[in-house]
Each structure stands twice: as structure tokens, then as C-alpha cells.
Amino acid sequence: MKLHGIHVPHRKNTAQLPPVRIAPPKTVVIPMSMHIGRPAKPVVKRGDEVKVGTLIAQADGYISAPIHSSVSGKVQKIDEITIMNGSKVPCILIDSDGLQTPDENITPPEVHDLDSFIDAVKNSGSVGLGGAGFPTFVKFVTKDLSVFKYVIINAAECEPYITSDTRTMLDRTDSIKKGIEALKKYLGVKTFIIGIEDNKPEAIAKMKELAANTDGVSVKVLPAMYPQGGEKVLIYNCTGKIVPKGGLPLDVGAIVINVTTLAFIAEYLETGMPLVEKCVTVDGSAVKEPKNVIAPIGTTFADLLEAAGGCKEDPAKLLYGGPMMGITAPSADSPIMKNTNAVIAMGKKEAKPPRTTACINCGSCINHCPLRLDPREIALAYKTNDAEALEKLCVDLCMECGCCSYICPAHRPLVQTNKLSKLVLRQYQNSKKEGK
Ligand code: SF4
Ligand code: SF4
């Protein structure tokens, strides 16, 4: 079986540029929902003094993550703000004092076994930093360590423009190695595969050097073929194993972890400083000086664009993430979140949607879908609100990679329709469960 994909322009303009750390902005806006699962619950109130790393919101439930202040300063207010998925969520606004004083209670966690390791990862606030935002600790929870056969380190970074993981590989190689050692020690995994696309020669050299000096680590250089970094695609291309329909990586013995997430975990174990800042690629045709910027979580798009020299023209579209899977930001006041790896500002020409025409039944969308779904049929079922057909067409498996829309000669908005179809199917399945 061959998993399909598409060739997209790489535009890795910033790969050679070491990230620039910016001064803390005047105010950070920190959403309580920066992860998959329940939003965190604020534990601070207006007027409270906080420092860098102070807990400001605790996890609410099992699938959730704590949130820490990314600046030192004072809580200005807690307000409901529209975030990237269009929903309003509580956000903590903190006025920075510009000093970035670390919280004095921060110390490295005491880790001596699997449980204390899982607790540490949970308390670090770590979520999938490659964009997924899934609370990291959940991947490590098990009653039986023998289920973990191998770890795949996701270093594919297959979206155009984004180079923040590339910079992790070049600048934080030592942390990646320490992260591997930690997973060996606490999860008992012996086999590690670093999956990386062949368009990153310097990073490949670094990872091969790391592998040569670390037992059990190999580097799998993969063709630059989007979406190489999709979890199921990467597992297949690194191991030949197919995750069963509706299954999880663990069903084939795999843990998939983003390379920057792994580096962060190692750094947290050493310092105890939770997840409070991000390296973000700032690029797009409207950006004057594309670069990677290290900024406190909650920094707005406007502050990041300013750090990249401002804009050549008024951005017609602002994106969280790359052009394939990125989500439109409501405005330049939108804040970067834990799982933001890029801020893309598109000029008018780049953002202009192509003219949509009728489907010509060419089959390209099916042929290029990595999961071999049928977006053309899905669109028809959506149009007639046929939830049963959507279920049969397995639209719930769609990973929203956008290959179908990209390749469609009629420029049909297929991925957008799939997203809406998934909602229709979810409602149908929920009402079936409730016996309606
Ligand atoms: S968006 Fe969904 S249907 Fe379209 S190519 Fe990706 S996985 Fe397939
Ligand atoms: S790629 Fe576009 S035109 Fe071709 S079958 Fe799919 S929806 Fe129709």
C-alpha cells in the first residue's frame, strides 16, 4: 500500500536564520483553551502579581493542561475573547513589567519513575507543539510498558514556510538527545526513529550525528511530500505499519512525538520552567523580514509582525500555522498559543481564492488523499445533509490536510466541506447515542 500526498512549494525562507528573542510585549493575552480537551480554569484574578512560570490556570479534567504566565507583571483582567476557531473563550490578560522575573518557586521536578515522569510532563503544561495541541502526558499513560515498542520523533515539518522545528534540530540538538534518554529511562522504549523530510540537509546532518552517538536511534529521511508529518502517514512511512481505521498509534506500538515537544520536555526536566514561550516562524508574502521569533505565549500577531520588520502591504489574510492546515486568525490582535508554530501574513495576491468551477469527476482528490477518502462523494453527501452516507464515507477519519482542495483542478473547497461534514456526522452520531 502506498500512502499518497502532494508536492507543495517549500518556501523555507527562514531555515538558515537563528531565532530572535523579542522583548516582552506590553500585554499578553493568554487563552484558557490552547489544547485539545477542556479549557483550563483560571486561578488568578484581576490585580494579582505574577512572574514568569507562575501557574495562572489549572487543568480542568483529565484531557486538559495547566497554563502558566509568560511574563512578569500584573493581571489586567479576565475577558472572553474570540479565538481562532471562532469560539469565545476566557483569556487572561497580563500587563508585563518588562522584567521577565522568573517565579522563585520554580525548581526542577523530582522524577524517579514513570508516574513521577507523567506528573512532571503534566505539570509542565506541555501539549503537542507541532500544531496538534494534544496534552503530551496522555501519550505516556499506561499500565503495561511493553505496549511501547518505538517512538517516532516527528521532524517532518512538511507545511510550506514553517521552520521552527528545523531550528529546534539545529539549535537544541542536545535537548532532543536528553529527551530521548528520558523516554528510554521512564518508558523503557529502546527504538527511536527520527522522521524528517529530505529538504532539510543541515537538520538531517545534525540528527544523523545525534543518532550516531545515541543507542537505538535512527534517522529516516523521507521525500518532501505533504502531509509527511501527518501522524498515520509518518508511522507508515517510518515503519510500514498501518494504524487501523479509527485506531491510535499505540495500536501499532508507536508513540509519535513532535521534535520540539521532546526538546521542551528535556528542558523542563532540567529547569522546571513550564511552557511559557514559543519559537514561531513569521513569514508570508506580506512580511518584510521573515524570521523565527521566540516570544512569550500570548504575544499578539501585531507584535510578532512588528518584530519581523512590519508588513510590505496590508495583510489580506493572517494564519495560525502554514497555508495547508493553518486557521485564519480573526485579527492582528489574536495571540499566539502553545501550539502555534507559525504566523503567516498573506498579501492580497497570495490570499486571493481561486475561482471555483464544477467538478469534472477527474478523481484527483481521491488519488491524492493520504487516506484514500472520497472528497467528491463527501461533498455530495454534505449537500444533501446525508449523515448516513457521510458515516459510510468515513469523513470522520479526514485529517483536514487540505491535499484534496490543493490538487482539485476545479478549486472546490473540499477540505472546508469536510470540516462541516464532520460536524454534521458528529451531531448525527450524538443524537443516535441519545436515542433521538
Ligand atoms: S483533507 Fe481529508 S479528504 Fe482531503 S486529502 Fe486530506 S485527509 Fe483526504
Ligand atoms: S479533484 Fe475536484 S474536480 Fe476532480 S473529482 Fe475531485 S472534486 Fe471533482
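Preceding this paragraph is the structure being described.
The model shown is predicted, which means the values in this text are computed figures rather than measured ones.

**A closer look at the overall build of the protein**
(1) Moving on: In terms of regular secondary structure, the protein is built from 13 helices and 17 strands.
(2) Moving on: Here the protein has a C-alpha radius of gyration of 21 Å; the compact-globule value for 436 residues is 22 Å, and the two agree.
(3) Moving on: Taking the principal axes of its C-alpha atoms as reference, the protein extends roughly 65 × 50 × 50 Å.
(4) Moving on: Within the protein, the proportion of its 436 residues that are buried is 53%.
(5) Moving on: Considering only contacts in the protein between residues 6 or more positions apart, those separated by 24 or more positions represent 71%.
(6) Moving on: Total accessible area on the protein stands at roughly 19,500 Å², and carbon and sulfur atoms take up 53% of it.
(7) Moving on: Of note, the protein has its 52 positive side-chain charges centred 6 Å away from the centre of its 46 negative side-chain charges.

**Focus on the sheet that holds strand 11 (residues 217–222)**
(1) Moving on: The parallel open sheet is built from four strands, whose spatial order is 11-10-9-12. Sheet topology places strand 11 and strand 12 (254–258) at the edges, where each strand pairs with a single neighbour. Across the sheet, the mean angle from the axis of one strand to that of its neighbour is 25 degrees, orientation sign disregarded.
(2) Moving on: Here strand 10 (residues 191–197) runs beside strand 11; their pairing, made up of six bridges, is parallel. Within strand 11, the residue paired with Ile196 across the bridge is Val221.

**Some remarks on helix 3 (residues 173–187)**
(1) Moving on: Here helix 3 spans 21 Å end to end across 15 residues, near enough to the 21 Å set by a 1.5 Å rise per residue.
(2) Moving on: Regarding helix 3, the residues found buried are Thr173, Ser175, Ile176, Gly179, Ile180, Ala182, Leu183, Lys184, Tyr186 and Leu187.
(3) Moving on: Just beyond helix 3, the residue with positive phi is Gly188, at close to 75 degrees.

Calculation notes
Residues numbered from 1 in each chain as written. Chains lettered and ligands numbered in written order. Predicted model: local features only at pLDDT ≥ 70, side-chain atom pairs only at ≥ 80, totals over all residues. Heavy atoms only, no water. Helix = DSSP H or I, 4+ residues; strand = E, 2+ residues; numbered from the N terminus. Rg over C-alpha atoms; globule rule 2.2 N^0.38 Å. Buried < 20%, exposed > 50% of the residue type's maximum accessible area, 1.4 Å probe, protein only. Contact = heavy atoms within 4.5 Å. Areas by Shrake-Rupley, 256 points an atom, 1.4 Å probe, with all protein chains shown as cover. Lys, Arg positive; Asp, Glu negative; His and termini not counted. Charge placed at Lys NZ, Arg CZ, Asp CG, Glu CD. Pairing = 2+ DSSP bridges. Axes fitted to C-alpha atoms, helices over the stretch in contact; angles between N-to-C directions. Expected span 1.5 Å × (residues − 1).

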